[in-house]
Amino acid sequence: MSTTMSTKCPVRYFSSWQKLIFGCLLVIIVVNLFLGHHIISRHDPDSSSSSGHSNQNMNHITTGLVSSPQSLISGSSSSPDDGRNSGKPIPSTADTSPKERRSNHDIKNDVDRSAFKQSVKSYLSVPSLQHEEQKLLSKMARDAASSYTNMDLTCHALKENYKGILHIAMGDIGGGASTIFFQFVIGQLIYAEQYRLLPVIHFNNVSNIIYDQDVHGAGPSYAVTFYQGTGTATDIVRPNGHWRDRIPGPPKFNRSTAPTVVQFEGTGVWNDYFLPVVPSLDLTNPDNRLLLQNCARELPYVTLTLKQITPGIHGFAPWAPKCWRYHYLPDYITKPHWPLHEWLRPSRLLGNAAVQRYHIEFQPYIVQAAEQANPHCSTPSTTSTNSKNRCLGLHIRHSDKAAGRRQVPVQEFLPFVQAFVHAGGKFIYLATDSTLVLQEIAETWPANIRSRISSLGDAASDNDNNHGVSNSAGGTRPKIVRSNNDQAVFDIAASHHHTTNVQALIEIKALSLCRFMVHGLSALSESALWLNHELQSTSVDLENPDHIDPSQFGTLVQMVLRGDHDNDPRYLPKPPPSSKWWKTRQPVMGGAGGIGTRHDNALAVGQQPLSCVLGGYKGIFRISSTGGDRINMGMGIFIHILNQIIYAEKHNWLPWIHLEPDHENSVLYDRWAHYGGYNNVTVGFKAQFTIRMGNSGFPGAPVEVFHNGEQRQDGVVLSLDGNGLWESYFDPVPGFDTQKDDSCRDLPITTMSDSLVVALTSQAPWAVRAWKYKTVPEHLLIPGNISWKDLFAPFRKRANTVIQKYYRFRPYLLDRAEAVNPVKKHEVCVSVHMRSANDYIDYLQEFVQAGGSFIYVATDSSRVLRYIAKNFAPSIVSLIRTQGDQVVRTSKEWPLHMMDNHHRVNGEALVDVLAMSKCQFLLHTSTTQAEAAIYLNLNLHNNSVNLDDPDRISPSKFGVMVKQLVYETGLPTKASTQQINFAKPPSQGRLVEYKLDNATIVRRDTSRRCRNNALVYLAQKKHSSYTGKDSYSSFLRSLDLIYKNYLSLNNHLDNLDLFIFHTNDFTHDDFRALESRLGPSLFGVIRLVNLTGSPFWQRPPHQTFDDPHSWYAYPLFSEGYRRMMHWFTIDIWNFFARLNDEAGCSYRYIFRLDEDSLIHSPIQYDVFDFMEANRYVYGYRMCAYEMQVTRRMWTLFKKQNHNFQPQRDVDLQMCGFYNNFFVADLEFFRSLSVQKFLRFIDRQGHIYRRRLGDLMIHSMSVYAFADPNRIHRFLDFTYEHGTFNQTNRCLAWGGIQAGYNDKNSTTTLSEFYHDKLLDRGCFANATLMRPEDLSPSYAHISDGYEGTLSLYTITAGRVEFPLGKGILSG
């Protein structure tokens, strides 16, 4: 009795003409086989093959793939022509390149295997993968190392290498060509490799969207009898997961005696479009069918069910690439707290690796059609300016866009296309399924853009029955099917799915030929990314909320076309990464817990390491349990561990926290954070004591363990792995060090089991409890008729005492809590622990009306935050703080430990506890996290409201409490703040003038004495050289920004005076206007200095009679411009030295800004204190590479000073300090050696005569005389200084550079890019600069940025350009 299985649903019978063609082609096959054509292996094209075709002698077939005979259909690997090839051209052998012909295709398996393993490792490194997923991927990586060896195989050998045949028969029902042919085939190929199954790709008509009866059903039908029976994939079900969460697991074989007949019908679809994959059996080859029939006696047959494919592989399998967050998937798969690009990255890596590993390649006619449609991007070249590098692919899908995606408007693409062209891009390939898209582009996009666009062309007539391809003099041309509404193209061409398949695959290949791509979410664009891995770093997904903007994309295009940083993806513009603050590891020297060497910062101030002898302890109580694997962070850390510490103290045992590291099902334990990378430690103790349940229902005192009635004498040895979990979040407990204090080893040790820990919390009368647990006896819950406040008061006091003594949070947690909830003096905040939102509204309204400052919301539910945003009043929503969007939260019932890395979930929970404890008020329900916040801040006991408490205070009374605290802290209300008139001048303090060497200094007469530092401007209302430039407006903008981002912050004004130098430009009225503009805090700070007529603003005596017309570049650069250079080179140091002498001041550091120097981001620290603390003598911000002009002066000075030994010889290619921003030490520039050098420069007269700039002279002075360790490059704030052409308004010199501490730098530079480049039709060098471009030795970059710094920079001229030169100044 045999079983017959058909591989397709019933279709109509073959027509007579099809049978005739089949017969003719079979004759051709027989003739070719008779002539001795061989089967060619994709693995070894040079291997010899036997000419025999005996069923028992197939040793000429190598591993995996058996491709078609070279002679069949003129070199095509398709099956014999049964009529379907009227739909596509068949290239001849002569027309097919060696790369395209299977006989000449050399495959390097070792390279592919390495790439595949690397992607698997990358996928494995994703911290959110659960343990069962990790095991699957690990197995996959191991198998990758041993498969695909080059060896000849018989059926017996196939049986040795494979457990069965996997028939890849379908994808899902509704998927189009890209989904079926890429996502589903790759997923099933990976499945086959995991379980050692040899794949056979032969589609039936279940995936009806890609099946075309006229083309794919018109092939031969043949049956294969499997004598070893059939297998079915078992299901791997995620514990407690979604009801659909099951993925195909190991196949289970039914090796019955009855053979199974499998019917393979038609072409199998795959080979109409693709070359055979490696490894697989290509059943379009008759020899391979013979091989399969022969081997079917040895190998069982396996295929996957529709549900195992979708949603199994499609949605839930961690080893199968995905194309977007499918709407039916639960949060623990889609991970909404991850940025979309980070969630997709592993899939893209895996997809690309699989394409390479399995050699997924199109039939030559698809490639040729793609190159014809996108001709400018199909010719490789070794030059960096070739057309391929300058191609942009656009995928604009508008039909049937569903499943959680949006239809991206055509106009969203245009700014990116314009930025691409502006940055030097040449050609654009448009892939679209919509005639409406083509129409909108034709009507609305600029002509200079439209002229660059190529595509598949217009739709062909529906009367064409060429099924997708037409022949013309220009070569093959596909028939185009596009939609003019939301109907899918494959529904429009229901009877010609071959047409839409070909069209989609050509579009994929054409897009993959491009160097850049802009797209939305679709399997088609993802397939292009899998084919061309370079696109993964140069594409923009417009459905990613965090995608880069057009200016950043233009920067990316520039960088790639220039070859910046060798196009290393790490340094190209990309969407902002999520914060990985929680990835901070806490290595423990010596290994495990407090047993090893203790951290230096582990002890509180004044605390000494504990001594087991001096402490009089009876033994060591090791806390190894949190009460069970399913106990979360709050309950485990703040209740169960805390109660065990109390237990240890009660029995005079020293508590030592080191949790068991082998609870892999624990919701707290994380192998990466708590185990890997830590030294194992073996520790011996005197004896093992045990703890038993007492008569009262909770654990009694530790008792000694006896063996056969006698005391054990051999002691106990513990082998400890990992850091015990605790030390990832807290300093070690206790403070003893057994390497220095052996007394602890002389004590016995004991621990407590999970059940005892739970009993301790439930039954011990002194145990701390966060709420009324059901397991707690009633007499312990309600000892008399007392309120909830009174009931929990002793718990909270007891917990606070323990926490103050033992719980010392790691700095990274404290820093994160401060970052998400910074509470300043005079601010009043309320923290809210929410699991639902409704009950809190009244309390929060009272808080706002009472004048509260802000609200910190801690929640594990994304639904709560959505509800708040939608339903709460704006007055409440505007005050809300949280940890942010990228926090592990769930929208349904899934527990957080399923959502992501357990260490991350733990860390975020602790941060919420710390952040809540920082507020003066707390609203909550009965939760451990809320109680933990109270344990940390006991003031919250009286200032908290538990909404579960029947006796809780009313919202109005809560408002009264808040109002009272607001009054006591003196917090000004918004109304009183708005009434303050900052621009009103004081009633006293007149303006006074005094002279310094004929320079006139104006200041307000106040009691304020001169400070030790000066912020200086040299300002003018009209530029002396740039006609028409509004210098005054630039100056005012610079002043506004320096006030906003420095002077108004952290009392910086108290450490400087503001000097505004000018030459007859400003009056007393201007002085008052500046004071009024900047506010009363500047009264007494400003000095307005007129240099006219003073020796600080005159030609040097030896140049008194110079004719300016003899000077270089005069009058382009006026005499006033040259006096400015002389001022900042020579005179400014003399001015402040004279002022110190005459006015009794002590000016030390000079902070210079140009009138168009713009500080775009806050500088929180004091610049002058920073310079002094680090003994820096010169600080600068940007580099200008124009030191070549210093050659003559530098050489001449060295010749005249034979003993001169510079700190560093000047390299003419090195960075010159772009000194429109500098902070300089006056003592350095007034030193004898520097003054001698400056006098020499001045005496040569080149400042005036040759326009030798202050930039070059500063640079030479600092390089020559300053210790390199005393030079600093500021990189933390965003800085702009640009010179613009007065005719075309384009940036001519300088520019803008992001600061690494500026969170808004991308927005600032994007505005600059749009306003000053794109809108003006101008060009500048846009790039991301890494440390080697940024003077690394002088930047003094903190460890947190070392090696990862990448600053967005837009410049013109030779400022910060070319890349790689920063090393010359560092």
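As shown above, the structure is provided for reference.
Residues numbered from 1 in each chain as written. Predicted model: local features only at pLDDT ≥ 70, side-chain atom pairs only at ≥ 80, totals over all residues. Heavy atoms only, no water.

**As for the packing of helix α19 (residues 633-650) against helix α29 (residues 928-936)**
Here is step 1: Following both chains from N to C, one finds α19 and α29 inclined at 40 degrees, their axes separated by 9 Å at the closest point. For the element pair α19 / α29, the angle class is oblique. The hand of the α19/α29 crossing is left-handed. Every residue of α29 that contacts α19 at Gly634, Met635, Phe638 and Ile639 is listed here: Thr928, Ala932 and Tyr935.
Here is step 2: Along the lines of polarity and charge, the residues of the contact of α19 with α29 split into five nonpolar, two polar and no charged. (Axes fitted to C-alpha atoms, helices over the stretch in contact; angles between N-to-C directions. Helix = DSSP H or I, 4+ residues; strand = E, 2+ residues; numbered from the N terminus. Parallel < 35°, antiparallel > 145°, perpendicular 65-115°, else oblique. Left-handed = near helix turned anticlockwise from the far one by under 90°. Contact = heavy atoms within 4.5 Å. Nonpolar A, V, L, I, M, F, W, Y, C, P; charged D, E, K, R; others polar.)

**Here's the deal with the environment of Gln644**
Here is step 1: For Gln644, the location among the structural elements is in helix α19.
Here is step 2: Along the chain, Gln644 and Arg622 lie 22 residues apart, while their C-alpha atoms are 9.2 Å from each other.
Here is step 3: Not counting residues within four places of it along the chain, the set of residues in contact with Gln644 comprises Phe621, Ile623, Ser625, Met752, Val757 and Leu760.
Here is step 4: Side-chain polar atoms of Gln644 contact the backbone oxygen of Ser625, separated by 2.8 Å. (Polar contact = N/O pair within 3.5 Å; in protein donor to acceptor, adjacent residues only side chain to side chain.)

**A short note on the state of the cysteines**
Here is step 1: For the coordinates displayed, the defined rule picks out six disulfides.
Here is step 2: Here Cys155 engages in a disulfide with Cys295; their sulfurs sit 2.1 Å apart. An S-S torsion of about -85 degrees defines the bridge between Cys155 and Cys295 as left-handed. Placement of Cys155 in helix α4 (residues 155-161) and of Cys295 in helix α7 (residues 286-295) is noted, with a sequence separation of 140 residues between them. The pair formed by Cys155 and Cys295 is uniform in burial state, with each residue classed as buried. (Disulfide = S-S within 2.5 Å. Buried < 20%, exposed > 50% of the residue type's maximum accessible area, 1.4 Å probe, protein only.)

**Structural notes on unusual backbone geometry**
Here is step 1: The peptide bond linking Thr310 to Pro311 adopts the cis configuration, its omega dihedral lying at 15 degrees.
Here is step 2: With respect to the element layout, Pro311 can be found in helix α8 (residues 306-316).
Here is step 3: Here the bond from Tyr1114 into Pro1115 is cis, since omega is 10 degrees, no more than 30 degrees from zero.
Here is step 4: Relative to the assigned elements, Pro1115 resides in the loop between β34 (1086-1090) and α34 (1119-1143).
Here is step 5: Despite not being glycine, Asn1064 shows a phi value in the positive range, around 65 degrees.
Here is step 6: In this fold, Asn1064 is placed in the loop between β33 (1057-1062) and α33 (1068-1078).

**A few points about the sheet that holds strand β5 (residues 230-237)**
Here is step 1: Taking strand neighbours across the sheet as the criterion, the five strands line up as β3-β2-β8-β5-β6 in an open arrangement whose pairing is mixed. Single-partner strands in this sheet number two, and they are β3 (197-201) and β6 (246-254).
Here is step 2: Relative to strand β8 (residues 301-302), strand β2 (residues 164-168) runs parallel, the two sharing two bridges. If you follow Ile165 over to β8, its bridge partner there is Tyr301.
Here is step 3: Contacting β5 and β6, α8 crosses the sheet at an angle of about 130 degrees to β6. (Pairing = 2+ DSSP bridges.)

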